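# Summary of structural features
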Amino acid sequence: LVDEHGAVVAESTVRDFVRKARTRLELTSLEVMVPQVHALGAEAEVDWGEARFVLDGVPVAGCMFVMRLSASGKTFRRVYVNEAQDSFLDAHVRAFEFFGGVPARVRYDNLKTAVVKVLAGRDRVENDRFVALRSHYGFDSFFCRPGVTGAHEKGGVEGEIGRFRRKAFVPVPHAATVAEINAHVETVGARDDLRHIASRRMSVAAHFDVEQPSLQPLPAERFDATVRLSCRVDTKSRVCVRQSWYSVPARFV
C-alpha cells in the first residue's frame, strides 16, 4: 500500500488504523447472543469431562459422561476410568433409563466412539456399534462442527460440566471404588435439581416432570453395551487388550 506521499505503508499499519477509526466512530460490531428455547423431549447434548478424585489412596483423573436434556436441563452424569466405546455405550443405556425415556435427537462432538470419518458439512461415517445403539433406541444424531467453531452448538452441556465439577469435585472426594464416586455424584445431582436455570420460574426437577412424558418410550429390551474383541494369543500364552497383557490357558497358544 502507498500513501498520498508515495511512501509504502504496511498492511498491518492500515488494519490497525481502521480498527482504531471504527472504535472512535462507534462502528465496532458487537456479538449478540439469543437465548435458545427447546421443545420438550426434542433434544439432548452429550459430552465428556475430566473428574479428579482419590481412589483407594491413589489420585485418579477419571472421565465423567454427561447427557443433558436441552429443554429442562435435567442431567445424567456418570464417572468412568476411560472414554472407551463400552463406557460410551453403557453410559447411554444408563442415561435413557435414568430419564425414563429417549430424546428425539442427541448432539455430539465428533467423538471417535461415534464417528469413524468426518465428511463435508454435517455428514459423518458413524461407528457400527453407535449406529446399532441409535437404531435400538430410535434417536437421531447431530454432530457439531469440528473445533472451537462448533463448541457453541452444544453450549448447555459444555457449561454444565465445569459448573457441576466445581460443586461435586471440590474438594477432591476420596473413595474406595468408582461405584462410591458415582453414588456421590448421584447425591449431589439430586440436590442440584432443585436449582433454577437463569430466570426460569420452575426448578430443573419441576421442569423435568413436565418434559418426561414427551420423551420417546424405552424399548422392551435393554441394549447390550458389551464390546466383543477378537485377540490373538502369543507364544507366551498372553493376549493384549487395550495395551495391557493378560494370561490365558496355554492350550490357546
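One can find the structure itself at the top, above this paragraph.
What you see is a predicted model, and the numbers here were worked out from it, not measured in a lab. (Residues numbered from 1 in each chain as written. Predicted model: local features only at pLDDT ≥ 70, side-chain atom pairs only at ≥ 80, totals over all residues. Heavy atoms only, no water.)

Tracing the sequence through the fold places Leu-89 in helix α2 (residues 85–99). If sequence neighbours within four positions are ignored, Leu-89 has contacts with Arg-129, Leu-133, Phe-223, Ala-225 and Val-227. (Helix = DSSP H or I, 4+ residues; strand = E, 2+ residues; numbered from the N terminus. Contact = heavy atoms within 4.5 Å.)

With that settled, the discussion passes to the layout of surface pockets. Space inside the second largest pocket adds up to approximately 220 Å³. The wall of the second largest pocket is formed by 13 residues, among which Thr-75, Phe-76, Arg-77, Phe-98 and Glu-186 lie closest to the centre. Grouping the amino acids of the lining of the second largest pocket by side-chain chemistry returns 4 nonpolar, 2 polar and 7 charged. (1 Å grid on protein atoms, 1.4 Å probe; cavity = no way out; pocket = protein on both sides within 12 Å on 5 of 7 lines; lining within 4 Å. Points joined across faces, edges and corners; volume = space filled by probe spheres on them. Nonpolar A, V, L, I, M, F, W, Y, C, P; charged D, E, K, R; others polar.)

Now for the nonpolar core. Counting residues in hydrophobic clusters, the biggest one holds 31 residues, and the most contacted among them are Phe-65, Phe-88, Tyr-108 and Phe-139. At the level of secondary structure, the elements contributing two or more residues to this core comprise β1 (43–55), β2 (58–69), β3 (75–80), α2, β4 (105–108) and α3 (128–137). Ranked by the residues each element gives to this core, the list is headed by α2, at 7 residues. One finds Val-79, Phe-169, Ile-181 and Val-185 within the second-largest nonpolar core, a separate group that totals 16 residues. (Core = buried A, V, L, I, M, F, W, Y, C linked by side-chain atoms within 4.5 Å. Buried < 20%, exposed > 50% of the residue type's maximum accessible area, 1.4 Å probe, protein only.)

It is worth spelling out helix α6 (residues 204–211) at this point. Turning to α6, its buried residues number three or more, namely Val-204, His-207, Phe-208 and Glu-211. Buried residues of α6 fall within an arc of 100° about the axis and therefore sit on the same side. (Arc of directions from axis to C-beta.)

Another aspect to go through is the state of the cysteines. The final tally for this structure, using the stated rule, is 0 disulfides. The cysteine Cys-63 is free of any disulfide, with Cys-240 supplying the nearest cysteine sulfur at 19 Å. Exposure remark for Cys-240: the relative accessible area of 35% places this residue in the partly exposed category. (Disulfide = S-S within 2.5 Å.)

Axis separation between α2 and α3 bottoms out at 11 Å; the angle between their running directions is 10°. Relative to α3, the element α2 lies roughly parallel. Every residue of α3 that contacts α2 at Gln-85, Phe-88, Leu-89, His-92, Val-93 and Phe-96 is listed here: Arg-129, Phe-130, Leu-133 and Tyr-137. Residue composition of the contact of α2 with α3, by class: 7 nonpolar, 2 polar and 1 charged. (Axes fitted to C-alpha atoms, helices over the stretch in contact; angles between N-to-C directions. Parallel < 35°, antiparallel > 145°, perpendicular 65-115°, else oblique.)

By the secondary structure assignment, Arg-77 is in strand β3. For Arg-77, the contacting residues outside a window of four places in its chain are Met-64, Phe-65, Val-66, Glu-160, Arg-163, Phe-164, Val-185, Gly-189 and Asp-192.

The next thing to look at is the pattern of salt bridges. The full count for this structure, using the stated rule, is 18 salt bridges. In this structure, Asp-193 and Lys-74 form a salt bridge, with 2.4 Å as the shortest nitrogen-oxygen distance. Note that Asp-193 is positioned in the loop between α5 (178–192) and α6 and Lys-74 in the loop between β2 and β3, a separation of 119 residues in sequence. Lys-74 shares its class with Asp-193; the two are buried. With its nearest N and O atoms 3.4 Å apart, the salt bridge here joins Arg-228 to Asp-224. The exposure class of Arg-228 is exposed, given its relative accessible area of 65%. Here Asp-224 falls in the partly exposed class, since its relative accessible area comes to 38%. One network of salt bridges, with partners in common, ties together Arg-77, Glu-160, Arg-163, Lys-167, Asp-192 and Arg-195. (Salt bridge = Lys/Arg side-chain N within 4 Å of Asp/Glu carboxyl O.)

Of all the 13 residues making up β1, 11 are buried; the element is thus mostly covered by neighbouring parts of the structure. Across 3 bridges, the pairing between β1 and β4 is parallel. Within β4, the position partnered with Ala-44 by the bridge is Val-106. Pairing between β1 and β2: 12 bridges, direction antiparallel. Counted as the bridge partner of Val-54 is Pro-59 from β2. Pairing of β1 with strand β8 (residues 174–175) involves 2 bridges; the strand directions are parallel. Opposite Leu-55, over in β8, you have Ala-175 as the bridge partner. (Pairing = 2+ DSSP bridges.)

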